[in-house]
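# Overview (structure and organization)
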Amino acid sequence: AQSVSQHNHHVILSEAASLELGCNYSYGGTVNLFWYVQYPGQHLQLLLKYFSGDPLVKGIKGFEAEFIKSKFSFNLRKPSVQWSDTAEYFCAVKGGGSYIPTFGRGTSLIVHP
Amino acid sequence: DVKVTQSSRYLVKRTGEKVFLECVQDMDHENMFWYRQDPGLGLRLIYFSYDVKMKEKGDIPEGYSVSREKKERFSLILESASTNQTSMYLCASQPASGGTYEQYFGPGTRLTVT
């Protein structure tokens, strides 16, 4: 069975600080990787995804993530956060052959202006 | 744009009541999901449907059932609501082919059982 671990449960930053949210998964085969974001009062939406090819993927609002296969990791990064990035972030992994992704427990990010 | 709608944003029910949560998607997606979202626990899959009348149990199906009579509609049923089912319920849809299998979520229903 696949599992996803998000190391940071709560992160508090000031505006302009750099962000890195960790995500590790356990699954031995081909994976599809996702980061979803849930802004306060809004529905969960896709931030970025890795399917194949370049392991460095860019998403919306200046976010990027790097797939490191040898480390089973898919960390989310942003060089300079804004107050509007305050949200909950979920990493998800879908193993090959299954439709069903496994979600991490989420990281709550608060950005102070 | 894919649109997933849920019948209620907020719902308050009494213990023992039968509760229906409905979800409708407009993109002809084959797959639909029901999750519950609790603080610190992330999203936990309750049920998954990959076609009309087809369903699979997720990680926490106890106390829930589902119905998918039409492709666009997926209902979650709490046969006899209990206080430990107070939660945020999220519906999602997903194409079964031709894409990257990302999920599209509805706005959620916050259910309180008193």
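The rules behind the values
- Residues numbered from 1 in each chain as written.
- Chains lettered and ligands numbered in written order.
- Predicted model: local features only at pLDDT ≥ 70, side-chain atom pairs only at ≥ 80, totals over all residues.
- Heavy atoms only, no water.
- Pairing = 2+ DSSP bridges.
- Helix = DSSP H or I, 4+ residues; strand = E, 2+ residues; numbered from the N terminus.
- Disulfide = S-S within 2.5 Å.
- Buried < 20%, exposed > 50% of the residue type's maximum accessible area, 1.4 Å probe, protein only.

A few words now on the pairing of strand β8 (residues 64–68) of chain A. Residues and elements named next belong to chain A. Of the strand pairs in this sheet, strand β7 (residues 56–58) and β8 are connected by three bridges, and their pairing is antiparallel. By the bridge assignment for β8, Val 57 is matched with Ala 65. The antiparallel hairpin formed by β7 and β8 contains five residues in its connecting segment, where Lys 61 sits at a positive phi of about 60 degrees. The sheet contact formed by β8 and strand β9 (residues 73–78) spans five bridges and is antiparallel. Bridge pairing links Ile 68 to Ser 73 in β9. A loop of four residues connects β8 with β9, the two strands running antiparallel in sequence, and Phe 72 in this loop sits at a positive phi of about 50 degrees.

One pass over the structure, following the stated rule, counts two disulfides over all chains. The disulfide partner of Cys 23 of chain A is Cys 91 of chain A, and the gap between their sulfur atoms is 1.9 Å. Looking along the S-S bond of the Cys 23 of chain A-Cys 91 of chain A disulfide, the torsion reads about -65 degrees, which is the left-handed sense. Remark: Cys 91 of chain A occurs in strand β10 (residues 87–95) and Cys 23 of chain A occurs in the loop between β3 (19–21) and β4 (24–26); sequence separation between them is 68 residues. Overall, Cys 23 of chain A belongs to the buried group, its relative accessible area being 0%. One disulfide in the model links Cys 23 of chain B with Cys 91 of chain B; its S-S distance is 1.9 Å. Judged by the torsion about the S-S bond (-75 degrees), the Cys 23 of chain B/Cys 91 of chain B disulfide is left-handed. Of this pair, Cys 23 of chain B sits in strand β3 (residues 19–25) while Cys 91 of chain B sits in strand β9 (residues 87–94), and the two are 68 residues apart along the sequence.

Distances and angles like these do not, on their own, reveal function.
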